[in-house]
Amino acid sequence: MNQSGGQFSKGVSGWLLSTPALILLVFAASGPLLIVALYSVLEKGDYSGVRWVLSGDGWFRVLFERDIFDQSVSLADANLSIFWRSVKLSITTTLITFVLGLPTAWFIATRPAKARAFWLFLITIPFWTNLVIRTFAIMEVVRNEGILNTALINIGLIPQPVQIMYTDTAVLIGMAYVYLPLMVLPLYAAIDRFDFRLIEAGYDLYASRVQVLRGVILPIIKPGIIAGCILVFIPSLGAYVTPRLLGGGKNMMIGNFIELQFGQGQNWPLGAALSTVLLLIVVMSLVVYTRVSSRDNPHG
Amino acid sequence: MDKKRAFDVTTLPGFTFIALLSFVLLYAPIATLVIYSFNGGNSVNQWGGFSLEWYVVAFNNEAVQDATVRSLIIAVWASVIATTLATMAALGTTRRGRFKGQTMIYIIINQPLMVPEIVTAVALLVFFSSVKIATGYAGLGYLILAHSAFCIPFAYLPIRARLEGMDLTMETAAADLYATPWQTFRHVTLPLLLPGVIAGAMLAFIISLDNVVITEFVKSAGQDTLPTYMLGQLRRALTPEVNAISTALLALTVLILIVFLFITKKPEKP
């Protein structure tokens, strides 16, 4: 392990020192993912679990259902509406957090150094705060007797409470609230490295503010934008706690649908196939991200 | 970097307004939650005078006590295990030039940051339930293992950052003075690395303490942690007791974060 070690011993000690961490991660994180992938192609057990017989039924049921009586095959509308809701809510969440997050990150990055640390700390507190607490806080806002409805009634804008709780809107508000810091932090990191002289140059060349924003700022901080969008989109798509508490039983997202298969639904292969789909979407997003960011920045 | 150049250059119309709005939106719900934890009444949204009674109620609630102790046990074990393994891995993957398979190690270490929690949660449910049947053991060990695993990347990142910023001359000097690799590590590297290790341990501790989804799926009956206990409570009629628990947990998180900031603060450059 000394300084004169060649490439070979560097690699060996590198691996040796990393091995305990890798063993734990393979045992309690990565390895079980393979079991899930395997379960997705097995036959459903009688009550729960699986029977060790190869079957495509789990994957088939992701999109299709078979009529109990005449065995005719049709698209599984209930599943499709859950997928559609998940994708729609996740994209909308990403957009909302971007619209709020870009100015927020910009604001923080343009403060004087001392104040910047303070504002950044204000963003990191919600980031590290327990998800259940944050979702609870939003429940208190959107409930029928919650702050929002009470305030609107008190100022006479609405005669009676508007039902927001247990709707897609509630889930959307909750996810935007919970994931906003995930958008702000990478955007801040990108804007912090930004050379503000470029904006000056833009204005000197008679660009309008909108032109500067679209032609100078956005292209340069693009890697930060993509990182922020992925950091919000991925957990949104796999969200479980927020839709469970704010959406109730009817407004499920993929995460809740997966849980259902391992719980009451007792269809482990379907649940495993759905998990694998979610995993593949994530891997694809990451590959796209790596491609895009390495193309924009070939040296880094 | 000088950012105090011409004022209008860094200002974009409406940005400051939206930014301040974001902070209000982020903090108003949390502030309300904290305020109502001091509510004397029974309701989480009808003010009944200032009182600490719900803190007393929460403190005397046996389920809350159990869940708190369990959360702390798991978080302490998980942060110790994760930080130890992450420190070793960080030493193995920095400062020795690139070696074969390094990218693979990075991917595995950071994997818990990328895979959706619900997927890891069901994967562990499936895996551990068969281990439970095979071994008959149903204790806290599964939760500790699961937490240790997903805490590793959070411990690894600050440790690695610290290692990468470290000057190698001290270690070379120690080696020149015939210190064994272990002596060099023990008396030179480790003390220099310590702030990173403590920072990593604190992040791991918070992450473990906060975890809901994986815990919810891995825990056996009667193994509620504070967050899963709260998750269960939130579906029932609410009293400000939940606010009191939340506020206490929030205060702990903020406290750890402040200490974390002081530890990782870089000396200011002139």
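Residues numbered from 1 in each chain as written. Chains lettered and ligands numbered in written order. Predicted model: local features only at pLDDT ≥ 70, side-chain atom pairs only at ≥ 80, totals over all residues.

Focus on the overall build of chain B
Quick note on the threshold: Counting from the N terminus, the helices are DSSP H or I runs at least four residues long and the strands are E runs at least two residues long. Here the contact rule is simple: place C-beta atoms from the backbone, and any two residues whose C-beta atoms are within 7 Å are in contact.
For chain B, the helix and strand inventory stands at 11 helices and 0 strands. Each helix (α) and strand (β) of chain B, taken in turn from the N terminus, gives the series α-α-α-α-α-α-α-α-α-α-α. With the C-alpha coordinates aligned to their principal axes, the bounding extent of chain B is approximately 70 × 70 × 30 Å. Sequence-distant contacts in chain B: of pairs separated by 6 or more residues, those separated by 24 or more amount to 76%.

Let's talk about the overall build of chain A
Our working rule: Radius of gyration: over C-alpha atoms. The globule rule applied is 2.2 Å multiplied by the number of residues raised to the 0.38 power. In this scheme the burial state of a residue depends on its C-beta neighbours within 10 Å: 20 or more other such atoms mean buried, 12 or fewer mean exposed, and anything in between means partly exposed; the C-beta positions come from the backbone.
A count of helical and extended segments in chain A gives 13 helices and 4 strands. Relative to the compact-globule value of 19 Å for 300 residues, chain A shows a C-alpha radius of gyration of 24 Å, a clear excess of over 25%. C-alpha extents for chain A along the principal axes are approximately 80 × 75 × 35 Å. Each of the 300 residues in chain A was classed as buried or not, and the buried ones make up 42%.

A look at the domain arrangement of chain A
All names here are of chain A. Spelled out, the test is: Bear in mind that the domain bounds are from an automatic or database domain assignment. Gly is placed with the polar residues, together with every amino acid not listed as nonpolar (Ala, Val, Leu, Ile, Met, Phe, Trp, Tyr, Cys and Pro) or charged (Asp, Glu, Lys and Arg).
Domain annotation of chain A identifies domain 1 (7–74) and domain 2 (76–296). Between the C-alpha centres of domain 1 and domain 2 there is a distance of 28 Å. Of all elements in the fold, only helix 1 (7–39), strand 1 (42–44), helix 2 (57–63) and strand 3 (64–66) reach the threshold of two or more residues within the side of domain 1 that touches domain 2. Residue contributions to the side of domain 1 that touches domain 2 peak at 6 residues, all from helix 2. By residue class, the composition of the side of domain 1 that touches domain 2 is 11 nonpolar, 6 polar and 5 charged.

Focus: the interface of chain B and chain A
Residue-level contacts link 75 residues of chain B with 76 residues of chain A. Elements with a minimum of two residues in the side of chain B that touches chain A: helix 1 (15–36), helix 3 (62–93), helix 4 (102–114), helix 5 (117–135), helix 6 (141–164), helix 8 (181–210), helix 10 (226–233) and helix 11 (240–264) of chain B. With 11 residues, helix 1 of chain B is the largest single contributor of residues to the side of chain B that touches chain A. Of the residues contributing to the side of chain B that touches chain A, the split by class is 53 nonpolar, 15 polar and 7 charged.

Here we look at the packing of helix 5 (residues 131–142) of chain A against helix 7 (residues 168–192) of chain A
Residues and elements named next belong to chain A. For the record, the criterion: Whenever a helix is involved, its axis is fitted only over the stretch in contact; in every case the axis is a line through C-alpha atoms, and angles between N-to-C directions fall within 0 to 180 degrees. Here the angle decides the label: under 35 degrees means roughly parallel, over 145 means roughly antiparallel, 65 to 115 means roughly perpendicular, and every other value means oblique. We call a crossing left-handed when the near helix sits turned anticlockwise from the far one by less than a right angle, and right-handed when that turn is clockwise.
One way to put it is that helix 5 packs onto helix 7 with a least axis distance of 10 Å and a crossing angle of 135°. Put simply, helix 5 runs oblique to helix 7. In this structure, helix 5 crosses over helix 7, and the sense of that crossing is right-handed. Taken together, the residues of helix 7 that come into contact with helix 5 (itself represented by Leu131, Arg134, Thr135, Ile138 and Val142) are Ala170, Ile173, Gly174, Tyr177 and Val178.

A look at the nonpolar core
The criterion, for reference: A set of buried Ala, Val, Leu, Ile, Met, Phe, Trp, Tyr and Cys residues, joined to one another through C-beta atoms within 7 Å, is what we call a nonpolar core.
Counting 150 residues, the largest nonpolar core has Ala86(B), Val122(B), Leu124(B), Ala146(B), Ile152(B), Ala155(B) and Ala204(B) as its most contacted members. The element contributing the most residues to this core is helix 7 of chain A, with 18 residues. Composition of this core by domain shows at least three residues from each of domain 1 (7–74) and domain 2 (76–296) of chain A.

Here's the deal with the pairing of strand 2 (residues 50–54) of chain A
Residues and elements named next belong to chain A. The test is simple: Two strands qualify as a pair provided DSSP detects at least 2 bridges between them.
The pairing of strand 1 with strand 2 spans 3 bridges and is classified as antiparallel. Residue leucine 42 lies in a different strand from strand 2, and its bridge partner there is leucine 54. Counting the residues in the hairpin turn of strand 1 and strand 2 gives 5 residues, including glycine 49, whose phi is positive at 70°.

Some words on the confidence of the model for chain B
All names here are of chain B. In plain terms, the rule: Confidence scores here are pLDDT values: one per residue, from the predictor, ranging 0 to 100.
Residues with a pLDDT of 70 or more make up 93% of chain B, whose mean pLDDT is 88. Long-range and interchain partners of residues 1–7, a stretch whose pLDDT sits below 50, account for 5 contacts in this model, where long-range means more than four residues apart. Among the scores for the predicted complex, ipTM is 0.87 and pTM is 0.88.

Points about unusual backbone geometry
The phi angle of most residues is negative, glycine excepted, and most peptide bonds adopt the trans form. Phi at Tyr206(A) takes a positive value of approximately 70°, unusual for a residue other than glycine. As for its placement among the helices and strands, Tyr206(A) is situated in the loop between helix 8 (197–204) and helix 9 (209–220). In this model, Tyr178(B) sits at a positive phi of 65°, which is unusual for a non-glycine residue. One can find Tyr178(B) in the loop between helix 7 (169–176) and helix 8. The class of Tyr178(B) is exposed, set by 7 C-beta atoms lying within 10 Å.

Quick look at the confidence of the model for chain A
Low pLDDT means the predicted atomic positions in that stretch should not be read closely. Mean pLDDT for chain A: 87, with 94% of residues reaching 70 or above. Note on residues 1–8 of chain A: pLDDT is under 50 here. Beyond four places in sequence and across chains, it has 7 contacts.

A few points about the packing of helix 2 (residues 53–60) of chain B against helix 11 of chain B
All names here are of chain B. At their nearest, the axes of helix 2 and helix 11 sit 8 Å apart, and the two run at 80° to each other. When the interaxial angle is binned, helix 2 and helix 11 end up roughly perpendicular. Every residue of helix 11 that contacts helix 2 at Trp54, Tyr55, Val57 and Ala58 is listed here: Pro240, Glu241, Asn243, Ala244 and Ile245. For the contact of helix 2 with helix 11, the per-class residue count stands at 7 nonpolar, 1 polar and 1 charged.

Observations regarding the environment of Val115(B)
Its location among the elements puts Val115(B) in the loop between helix 4 and helix 5. Residues Val115(B) and Cys151(B), 36 residues apart in the sequence, show an inter-C-alpha distance of 13 Å. Beyond its immediate sequence surroundings of up to four residues, Val115(B) is in contact with Leu33(A), Leu279(A), Val282(A) and Thr120(B).

Things to note about the environment of Gln264(A)
Looking at the element boundaries, Gln264(A) is found in the loop between helix 12 (254–262) and helix 13 (268–296). When the C-alpha atoms of Gln264(A) and Leu185(A) are compared, they prove to be 38 Å apart, with 79 residues separating the residues in sequence.

Examining the environment of Ser37(B)
All names here are of chain B. Residue placement: serine 37 occurs in the loop between helix 1 and helix 2. The exposure class assigned to serine 37 is buried, which follows from the 23 C-beta atoms found within 10 Å. Distance from serine 37 to phenylalanine 154, taken between C-alpha atoms, is 31 Å for residues 117 residues apart in sequence. With residues up to four places along the chain from it excluded, the contact list for serine 37 reads Trp54, Pro240, Asn243, Ala244 and Thr247.

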